[in-house]
Amino acid sequence: MLPIVDRPAIQWVVEEAARAGAREIFVIVDPGVGVLIERHFNSQEEGPLAGLEHVNVHPIVQDVPRGLGDAVRTAATAVGNQPFFTLLVDNLVFPDGDVLPGMAAAAEAGSVVCLRELGTEFLARYGFIVPGEWRNEQVVEVLGAIEKPGVEAAPSKLGLIGRYLFTGKIFEALDHVEPGVGGEIQLTDAIHTVGEAGNCLGYVAADDLLDSGTPSGYLEASTILGAAHPDFGARYRAFVTEFTEGL
Ligand code: G1P
């Protein structure tokens, strides 16, 4: 619910999903947070979804924080056996930088994970894939994945940037994932399983995603999204120019 510019981070992500055609959106939350999500999205007459007809937002509580893989598994019953997008709220797309349509277009029968070539400073912070054959310039087979491998164990520079298109096979894989890095059920370990079984492709996004999960990334995300805002972006850009010239 952390605000970025004029709306909570979760709303940026819900709007992105809605632009890609999502109609039922499940938000995995800590206990006690569901009521905030309900109140924000569903209880206002002219609420934040006013421009997004036919979008339903439902909180689902993850009772204990056992990791990202466990959070995804929490949605298994609600999602059922159909393909679904997973979006991490720390990672936000640049204005005009949507990746979900490209991922859907790349999909064959299995899952698709969104990738970028990342610098070494990310190797201990993100998950990285084991690439196989390239289908075209942007689409590569994913043979496996390692969470936060560090420089020594890095299988490639292709990092998982918080956007996924999964089939129900991810839930089967998650059922067998043991606690991994940080003692958590890692989504990346389930991606490894579906990749090994030949059921995963990687889609290399044309743009980076913003990472609002660090203080400096949060500031950058606020500046980039603020500067592109239709109502006050021009004013803000002028302010930033004036401010930086004075530094
Ligand atoms: C999570 C995932 C990681 C991914 C990253 C992207 O890490 O586990 O594979 O690369 O998000 O932001 P976390 O931010 O939870 O440490």
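Residue indices begin from 1 for each chain and proceed along its sequence in written order. In keeping with the predicted nature of the model, local features appear solely for residues at pLDDT of at least 70, side-chain atom pairs appear and are counted solely at 80 or more, and the whole-chain, interface and lining totals rest on all residues. Note that water and hydrogens are dropped before the side-chain values are worked out from all heavy atoms of the structure.

A. Structural detail: the state of the cysteines. Two cysteine sulfur atoms form a disulfide, by the criterion used here, when they sit within 2.5 Å. Inspection of the entire model under this criterion finds zero disulfides. There is no disulfide at Cys200, and the cysteine sulfur nearest it, in Cys114, is 12 Å away.

B. Representation of the nonpolar core. One finds Val113, Leu115, Ile129, Tyr164, Ile170 and Ile191 to be the most contacted residues of the largest nonpolar core, which totals 28 residues. Helical segments are the DSSP runs of H or I of at least four residues, strand segments are the runs of E of at least two, and each set is numbered from the N terminus. Elements supplying a minimum of two residues to this core: strand E7 (111–117), strand E9 (139–147), strand E10 (158–166), helix H7 (169–175), helix H8 (187–196) and strand E11 (200–204). For Ile170, the residues in contact, after removing those within four places along its chain, are Phe84, Leu187, Ala190, Ile191 and Val194. Val93, Met103, Leu118 and Phe122 belong to the second largest nonpolar core, which has 19 residues in total. The definition of a nonpolar core used throughout is a set of buried Ala, Val, Leu, Ile, Met, Phe, Trp, Tyr and Cys residues joined through side-chain atoms within 4.5 Å. Burial here depends on accessible area, computed with a 1.4 Å probe over protein chains only, as a share of the maximum for the residue type. Under 20% is buried, over 50% is exposed, and the range in between is partly exposed. Here, residues are in contact when the closest pair of their heavy atoms is within 4.5 Å.

C. Expanded view of the pairing of E7. The buried fraction of E7 amounts to six of the seven residues, a majority that puts the element mostly inside the structure. Between any two strands, pairing holds if DSSP finds at least two bridges. As paired strands, E7 and E11 are joined by five bridges and run parallel to one another. Within E11, the residue paired with Leu115 across the bridge is Val204. Bridge count for E7 against E10 is five bridges, and the pairing is antiparallel. Across the sheet, the residue bridging to Glu117 is Leu158, located in E10.

D. Layout of the pattern of salt bridges. When a carboxyl oxygen of Asp or Glu is within 4 Å of a side-chain nitrogen of Lys or Arg, the pair counts as a salt bridge. The full count for this structure, using the stated rule, is 12 salt bridges. Of the charged contacts in the structure, one is a salt bridge between Arg7 and Glu15, with a shortest N-O distance of 2.9 Å. We note that Arg7, like Glu15, is buried. Asp63 is the salt-bridge partner of Arg66, the closest N and O atoms lying 3.7 Å from each other. Each of the salt bridges in this network shares a partner with another, and the network as a whole consists of Asp63, Arg66, Asp70 and Arg73.

E. Expanded view of the site of the ligand. Around the ligand lies a shell formed by Leu68, Leu88, Asn91, Tyr126, Gly127, Glu147, Lys148, Leu160, Gln186 and Thr188. Two N or O atoms form a polar contact when they lie within 3.5 Å of each other; inside protein one atom must be a possible hydrogen donor and the other a possible acceptor, and for residues adjacent in sequence the pair counts only when both atoms belong to side chains. The backbone of Gly127 places a nitrogen or oxygen atom 2.9 Å from an oxygen atom of the ligand. Interatomic distance of 2.7 Å between a side-chain N/O atom of Lys148 and an oxygen atom of the ligand. Protein chains bury 78% of the 380 Å² of accessible surface belonging to the ligand in isolation. Considering only residue class, the shell around the ligand consists of four nonpolar, four polar and two charged. Nearness is judged by heavy atoms alone; a residue qualifies as near a molecule or strand once a single heavy atom is within 4 Å of it. Accessibility throughout is a Shrake-Rupley quantity obtained with a 1.4 Å probe, and a residue counts as covered only by protein chains that appear here. Polarity classes work like this: nonpolar for Ala, Val, Leu, Ile, Met, Phe, Trp, Tyr, Cys and Pro, charged for Asp, Glu, Lys and Arg, and polar for all others, with Gly in that last group.

F. Quick peek at the packing of aromatic side chains. The aromatic pairing rule takes the rings of Phe, Tyr and Trp, using the six-membered ring of Trp, and pairs them if the centres are within 6.5 Å, calling planes under 30 degrees apart stacked, those over 60 edge-to-face and the rest tilted. If you walk through the whole model with that rule in mind, you get six aromatic pairs. Taken together, a centroid distance of 5.2 Å and an interplanar angle of 5° make the contact between Phe84 and Phe171 stacked. Of this pair, Phe84 sits in strand E5 (residues 84–87) while Phe171 sits in helix H7; the two residues are 87 residues apart in sequence, bridging distant segments of the chain. The residues Phe84 and Phe171 share a single accessibility class, namely buried. Relative to Phe243, the ring of Phe239 lies with its centre 5.8 Å away and its plane at 20°, an arrangement referred to as stacked. Here Phe239 pairs with Phe243, and both are found in helix H10 (residues 233–245), just four residues apart, close to one helical turn. Chaining the aromatic ring pairs together yields one cluster made of Phe84, Tyr164, Phe166 and Phe171. For the cation-ring pair, Arg7 lies above Trp12, with the distance from its terminal atom to the ring centre recorded as 3.9 Å. In this analysis the charged atom, NZ for Lys or CZ for Arg, is taken to sit over a ring once it is within 6 Å of the ring centre and within 35 degrees of the ring normal.

G. Layout of helix H2 (residues 34–42). Every buried residue of H2 is accounted for by Gly34, Ile37, His40 and Phe41. Buried residues of H2, seen end-on, are gathered within an arc of 130° and therefore sit on one face of the element. Against strand E2 (7–8), helix H1 (9–19), strand E3 (24–29) and strand E4 (56–61) lie the buried residues of H2. Taken from the helix axis, the directions to the C-beta atoms give the arc we talk about.

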